[in-house]
Amino acid sequence: MHCGLCLNACPTYRELGVEMDSPRGRIYQMVQVAEGKPISESYREHIDLCLACRGCESACPSGVQYGRLVEAARAEIEVKVKRPWLERKVRDFVFRRLLPSPGLLTAAGAMLYVYQISGLQRVLRLTGLLNAFGALGAKEALAPSAQIPFFFRQIGQTFPAECDRKYRVAMMAGCIANVSFARLNEATVRVLQKNGCEVSIPIGQTCCGALHVHAGIREEARRLAKQNIDAILKGGYDAVITNAAGCGSTLKEYGELLEHDPDYAVKARKFKSLMKDVTEFLASIELNREMGALDVSVTYQDSCHLAHGQKVRSAPRQLLRAIPGVKFREMPLSDVCCGSAGIYNVLHTSLAMDILAKKMTNVNLAKAQVIATANPGCMLQLDAGVRKWGKGERVAHVVELLDEAYSKRAEEKK
Ligand code: SF4
Ligand code: SF4
């Protein structure tokens, strides 16, 4: 099928106007390679430039599973193309050593924290000195913050349900999120507790492997998936929860990732059946409505891996509308990628920022005080967008707003 209905849904095509950077063009190139054409530098670039946002999947009337195609194409490139020495070393360190290691992430987080609180970051940003570093300066604007205490110390703990226990759930704490979204993870635990959940953060869990899958490093992703399955399944939980849509999309694909593994195929399908995005889970149960009013206008940016990857669109909106005082305002094209896409904004900063500029035009049209989303990566990207093109909006996860509404009610009752 060559209908082209996916073209307008593709941020890279909208930005570059190049057929080979559209879903249809990329599929055409994949078919050529499958038919024996050698992998060229240009093919690698067009596949690399894809955000893997899967907006094209939602637009395609023929049900083409583009996400799987691009992941397979990247895995083939990873195996067949030898990258330059430095790039190989950096990728090896980041994907195989840093992301799965709480120790290395803690060390990196501590260095980031010192950079932030020493005032160096503030000086560099205010004086524009970072611009002297060219591309590195632009990437710095996208750096996450380090939030101490890190969430790593909560791993292994169980938090009781408030009032009657209705569910026993496990929470995936992520990898970088333990350092950069520690407060979001804590808010997620509190909101689940408020909704009758006993929340465990099982020990032995690790990075979900989403960034590895997107980069084509599938063997390492499989190793991480097995570690998570071993850590979680034995707990016999009612559900496994994540607050990161990008992670959730991959965690829900463990079934496919391990479908040919004789020891893990069945366990992976079981794991997948338990996996829920936190907004999806909360919208599926009887929500605790004991909330204080927030009195803010809120718009919602769909995370690609929630809307297109997991087909979860109404749950976050339903939750936002359930908060007293929230005036919900849709923005145009809310399900078009913001340019974050895992570490895409770090690797392809210039194009990611062009995509973000368009996103901020639509954000500003909503005239909302808060931009809510459901993925930490999108929060970082939108934060950078607000600093550059925004009107002083606050960026928040849906769960953070729920947590504030519950806290406000608790304060009012005192
Ligand atoms: S995944 Fe996103 S960037 Fe890639 S082809 Fe599809 S719509 Fe375009
Ligand atoms: S991927 Fe789907 S929407 Fe895009 S050209 Fe092919 S059939 Fe049409």
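Below is a short write-up of the structure. (Residues numbered from 1 in each chain as written. Chains lettered and ligands numbered in written order. Predicted model: local features only at pLDDT ≥ 70, side-chain atom pairs only at ≥ 80, totals over all residues. Heavy atoms only, no water.)

## Description of a positive patch on the surface
- A cluster of basic side chains, namely Lys 327, Arg 329, Lys 367 and Lys 391, defines a positive patch on the protein surface.
- Position of Lys 327 relative to the elements: it lies in strand 7 (residues 326–328).
- Here Lys 327 falls in the partly exposed class, since its relative accessible area comes to 41%. (Patch = residues over 30% accessible without salt bridge, like charges linked within 9 Å, V, L, I, M, F, W, Y side chains within 5 Å. Areas by Shrake-Rupley, 256 points an atom, 1.4 Å probe, with all protein chains shown as cover. Salt bridge = Lys/Arg side-chain N within 4 Å of Asp/Glu carboxyl O. Lys, Arg positive; Asp, Glu negative; His and termini not counted. Charge placed at Lys NZ, Arg CZ, Asp CG, Glu CD. Helix = DSSP H or I, 4+ residues; strand = E, 2+ residues; numbered from the N terminus. Buried < 20%, exposed > 50% of the residue type's maximum accessible area, 1.4 Å probe, protein only.)

## Observations regarding the nonpolar core
- With 45 residues, the main nonpolar core has Leu 192, Val 199, Phe 281, Leu 282, Leu 320, Ile 323 and Leu 401 as its most contacted residues.
- Looking at this core, the element that brings in the most residues is helix 23 (residues 398–413), giving 6 residues.
- In this structure, Leu 401 is in contact with Leu 294, Val 298, Leu 320, Ile 323, Val 370, Ala 372, Arg 394 and Ala 396, ignoring residues within four places of it in sequence.
- Counting 21 residues, the second largest nonpolar core, distinct from the first, contains Cys 208, Tyr 254, Tyr 264 and Ala 268. (Core = buried A, V, L, I, M, F, W, Y, C linked by side-chain atoms within 4.5 Å. Contact = heavy atoms within 4.5 Å.)

## A short note on helix 5 (residues 66–80)
- Relative to the 21 Å expected for 15 residues at 1.5 Å per residue, helix 5 spans 21 Å between its end C-alpha atoms, a close match to the ideal helical length.
- Three or more residues of helix 5 are buried, namely Tyr 66, Gly 67, Val 70, Glu 71, Ala 73, Arg 74, Ala 75 and Ile 77.
- Against the buried residues of helix 5 lie helix 2 (23–34), helix 3 (41–48), helix 4 (55–59), helix 12 (210–215) and helix 13 (218–233). (Expected span 1.5 Å × (residues − 1).)

## Quick look at the state of the cysteines
- In the structure shown here, the tally under the stated rule is 0 disulfides.
- Cys 175 takes part in no disulfide bond, and the closest cysteine sulfur to it belongs to Cys 207, at a distance of 3.9 Å. (Disulfide = S-S within 2.5 Å.)

## Things to note about the sheet that holds strand 8 (residues 370–373)
- Pairing is parallel across the open sheet formed by 4 strands, whose spatial order is 7-6-8-9. Unpaired on one side and paired on the other, strand 7 and strand 9 (394–397) mark the two borders of the sheet. Between one strand axis and the next, the sheet turns through 35° on average, direction left out of account.
- Where strand 6 (residues 296–300) lies against strand 8, 3 bridges are found, and the strand directions are parallel. (Pairing = 2+ DSSP bridges. Axes fitted to C-alpha atoms, helices over the stretch in contact; angles between N-to-C directions.)

## Description of empty space enclosed by the protein
- Counted under the stated rule, the structure contains 3 cavities of 30 Å³ or more.
- Around the largest cavity, the lining residues are Cys 10, Thr 12, Pro 23, Arg 26, Cys 50, Leu 51, Ala 52, Cys 53, Arg 54, Cys 56 and Tyr 66.
- Its residues placed into classes, the lining of the largest cavity shows 8 nonpolar, 1 polar and 2 charged. (1 Å grid on protein atoms, 1.4 Å probe; cavity = no way out; pocket = protein on both sides within 12 Å on 5 of 7 lines; lining within 4 Å. Points joined across faces, edges and corners; volume = space filled by probe spheres on them. Nonpolar A, V, L, I, M, F, W, Y, C, P; charged D, E, K, R; others polar.)

Honestly, it's all geometry; don't read function into it.
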